[in-house]
Amino acid sequence: MINPDPETPICSAKGCRAPAEWVLAWNNPKIHTPERRKTWLACEEHREHLAQFLGVRGFLKDVVRFEEWEAPEGA
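Here's a quick rundown of the structure. (Residues numbered from 1 in each chain as written. Predicted model: local features only at pLDDT ≥ 70, side-chain atom pairs only at ≥ 80, totals over all residues. Heavy atoms only, no water.)

1. Concerning helix H1 (residues 44-56)
- By the burial criterion, the buried members of H1 are His-46, Leu-50, Ala-51 and Leu-54. Viewed along the axis of H1, the buried residues span an arc of 140 degrees, placing them on a single side of the element. Among the exposed residues of H1, those oriented more than 90 degrees off its buried face are Glu-45 and Val-56.
- On the buried face of H1, the contacting elements are strand E1 (22-26), strand E2 (38-42) and strand E3 (60-65).
- Gly-58, located one to two residues past H1, shows a positive phi value of around 75 degrees. (Buried < 20%, exposed > 50% of the residue type's maximum accessible area, 1.4 Å probe, protein only. Helix = DSSP H or I, 4+ residues; strand = E, 2+ residues; numbered from the N terminus. Arc of directions from axis to C-beta. Contact = heavy atoms within 4.5 Å.)

Okay, structure coming up:
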């Protein structure tokens, strides 16, 4: 079992405690303005699954390595 430092962002997949390596930026066009970005974090193992979940619904906007992510201004 991985026990990351409390300051370490962790994967958003249910039950996963692995450190996040990816940021999945998304928005639900029915409730969010087009420029709004929500984020899920993913470890390497769950990146594809979470991206597919959001992509099938038309929510996924971008997938970026965690260390390269820059939150949009005003987020």
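Now that the structure has been shown, the text picks up again.
2. Notes on the sheet that holds E2
- Taken in spatial order, the three strands make up an open sheet running E2-E1-E3, and their pairing is antiparallel. A strand with exactly one partner marks an edge of an open sheet, and here the two such strands are E2 and E3. Strand-to-strand twist in this sheet, taken as the mean axis angle between neighbours without regard to direction, amounts to 20 degrees.
- Pairing between E1 and E2: five bridges, direction antiparallel. Considered in E2, the bridge of Trp-26 is made with Lys-38.
- Packing against the sheet, H1 makes contact with E1, E2 and E3, and its axis sits at approximately 150 degrees to E2. (Pairing = 2+ DSSP bridges. Axes fitted to C-alpha atoms, helices over the stretch in contact; angles between N-to-C directions.)

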